[in-house]
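Remarks on the overall topology
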Amino acid sequence: MIFAAIALIVSSCKKDEIELEDTTISQDDAYAEKTFEDVSDMSDEAYDIGTGNHLKAFPGERMFLSECATVTLDTSVFPRELTIDFGEENCLCRDGKYRRGKIIMTFNGRYRHPGTVITTGFEDYYVNDNSVEGTKVVTNMGENDNGNLYFTIEVVGVIQREDGSTFSWNSSREREWIQGSDTGNRWDDIYLITGTAEGIRPNGLTWEREIIIPLRVELACRFIVSGSIELRPEGRPVRLLDYGDGACDNEATVTINGETFTIYLR
C-alpha cells in the first residue's frame, strides 16, 4: 500500500527541484490528521449502528464501516464502551481503505451533551498496513460565544509505516460545530478546526504545525474543503499547505520558498 496521504504531481523539471524530505513532512502530517479524524467519524457511525439509529443518521450507504467490521456497544459498564473490530485480516472499508485490529472508545455521555468526554484507544490497529497507536480524547465544552457547540481534541499518536519507519504526531485542537447540530443527519454536519500539532520524524528531526485559517470539514465530502496550515520542520524551509476555497475536491497546494505546487489528497 502507498503510505503517502498526499501525492505531489508536478512537471519533471519541478520534481527535480523538490527534495523528498520536503514533501514527506507534509505527507506525514496530512496522513496523521486524516487518520485520527477518521477514527472519530467511524466511532460516531459505529455508535449509531450499535444503538440502531444508523438508518436515520446515514441515508443510503454507510460512510466507513462495511460488513467485515463488527460493532459492540457495552452499556453495562461505566464509562460506556464501544468497540469496532475489523478482524485480524484486512477489512476493506467503504472509504476504500483497508483496516484490521480494534478501535476501542469509552464515553461518559452523549456526543452532543456538554461535559461528555470520549477517549479512544487502539488494539493492533492498522490502516493500509500502517500501524496506528496512541490515544485521542474529545471533550464537549458546551456552546461558544457564537452559540455553537465546540470540542477540545487532544491526540498522542505513533504511526509505523510498512517499511518499519516510525513517526509521532501530537495535536491539540478545537472543533466548532457550525452546521448540522440540530438535525439527525450527519451528512449535513460542518466543522471548523483550529489548533496546533507537532511531530518527530523517523530521522529524529521535529516539526511543528499551526492552523492559520480554520480547516473546514464537511462530512459529506471526503476531503478538507478549505483552510490552511503552516508547517515548520526542523532544519527545513517553512511551508504553507492550502486546502482551497471550499470546493469538494482532492486538490490542494504546498508553497515552499515562494514556489507553489499542486498536490492531490488521498
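Quick caveat, the model's predicted, so the values are computed rather than measured.

Cut-offs and rules
- Residues numbered from 1 in each chain as written.
- Predicted model: local features only at pLDDT ≥ 70, side-chain atom pairs only at ≥ 80, totals over all residues.
- Heavy atoms only, no water.
- Disulfide = S-S within 2.5 Å.
- Helix = DSSP H or I, 4+ residues; strand = E, 2+ residues; numbered from the N terminus.
- Buried < 20%, exposed > 50% of the residue type's maximum accessible area, 1.4 Å probe, protein only.
- Pairing = 2+ DSSP bridges.
- Contact = heavy atoms within 4.5 Å.
- Polar contact = N/O pair within 3.5 Å; in protein donor to acceptor, adjacent residues only side chain to side chain.
- pLDDT = per-residue confidence, 0-100.
- Salt bridge = Lys/Arg side-chain N within 4 Å of Asp/Glu carboxyl O.
- Phe/Tyr/Trp six-rings, centres within 6.5 Å; stacked < 30°, edge-to-face > 60°.
- Lys NZ or Arg CZ within 6 Å of the ring centre and 35° of its normal.

For the rest of this paragraph, the subject is the state of the cysteines. Scanning all chains against the criterion turns up two disulfides. Residue cysteine 68 pairs covalently with cysteine 91 via a disulfide, S to S 1.9 Å. Residues cysteine 68 and cysteine 91 share a disulfide whose torsion about the S-S bond is about 75°; that sign makes it right-handed. Here cysteine 68 is found in the loop between α3 (54-57) and β2 (70-74), whereas its partner cysteine 91 is found in strand β4 (residues 91-92), with 23 residues between them in sequence. The disulfide bridge from cysteine 221 ends at cysteine 248, spanning 2.1 Å between sulfur atoms. The disulfide joining cysteine 221 to cysteine 248 has a torsion of about 100° about its S-S bond and is therefore right-handed. Note that cysteine 221 is positioned in the loop between β11 (206-218) and β12 (226-233) and cysteine 248 in the loop between β13 (239-245) and β14 (251-256), a separation of 27 residues in sequence. By relative accessible area, which is 11% here, cysteine 221 ends up buried. Among the cysteines of the chain that take part in disulfides, numbered as they appear in the sequence, the pairing is 1-2, 3-4.

One ladder, built from five bridges, connects β2 with strand β3 (residues 80-85); its direction is antiparallel. Along β3, the bridge assignment pairs aspartate 74 with glutamate 81. Turn length for the β2-β3 hairpin, with the two strands adjacent in sequence and antiparallel, is five residues.

So, about unusual backbone geometry. With an omega of 0°, the peptide bond between phenylalanine 78 and proline 79 qualifies as cis. One can find proline 79 in the loop between β2 and β3. A positive phi angle is found at aspartate 129, which is not glycine, with a value near 70°. Its location among the elements puts aspartate 129 in the loop between β6 (117-127) and β7 (130-143). The class of aspartate 129 is partly exposed, set by a relative accessible area of 22%.

This next bit is on the environment of glutamine 160. Among the structural elements, glutamine 160 can be located in strand β8 (residues 149-160). With relative accessibility at 36%, the residue glutamine 160 sits in the partly exposed group. C-alpha separation for the pair glutamine 160 and serine 131, spaced 29 residues apart in sequence, amounts to 5.0 Å. When neighbours within four sequence positions are excluded, glutamine 160 is seen to be in contact with Asn130, Ser131, Ser165 and Thr166. Side-chain polar atoms of glutamine 160 contact the backbone oxygen of glycine 164, separated by 3.4 Å. Of the polar contacts made by the side chain of glutamine 160, one reaches the side chain of threonine 166; its length is 3.5 Å.

Moving on: the confidence of the model for the chain. For residues with low pLDDT, the predicted coordinates do not support detailed interpretation. Per-residue confidence for the chain gives a mean pLDDT of 85; residues scoring 70 or more make up 88%. Across residues 1-20 the pLDDT falls below 50, and counting only partners more than four positions away or on other chains, this stretch makes 41 contacts in the model.

On to the pattern of salt bridges. Following the criterion strictly, the structure yields 17 salt bridges and no others. For arginine 209, the salt bridge goes to glutamate 33, with nearest N and O atoms at 2.3 Å. Of this pair, arginine 209 sits in strand β11 while glutamate 33 sits in helix α2 (residues 20-50), and the two are 176 residues apart along the sequence. Glutamate 33 sits in the buried class, given a relative accessible area of 3%. Ionic pairing is found between glutamate 210 and arginine 232, a salt bridge with its closest N-O pair at 3.6 Å.

Below, the discussion takes up the packing of aromatic side chains. Evaluation of the coordinates by the stated rule reveals 10 aromatic pairs. With 5.5 Å between their ring centres and 55° between their planes, tyrosine 111 and tryptophan 177 make a pair best called tilted. Here tyrosine 111, found in the loop between β5 (98-107) and β6, pairs with tryptophan 177, found in strand β9 (residues 166-179); they are 66 residues apart in sequence, far enough to count as distant. Each of the two residues, tyrosine 111 as well as tryptophan 177, counts as buried. Following the ring pairs from residue to residue traces out a cluster consisting of Phe36, Phe86, Phe122, Tyr125 and Trp169. Between the NZ or CZ atom of arginine 100 and the centre of the ring of tyrosine 126, over which it lies, the distance is 4.0 Å. We note arginine 175 situated over the ring of tyrosine 191; from NZ or CZ to the ring centre the distance is 5.0 Å.

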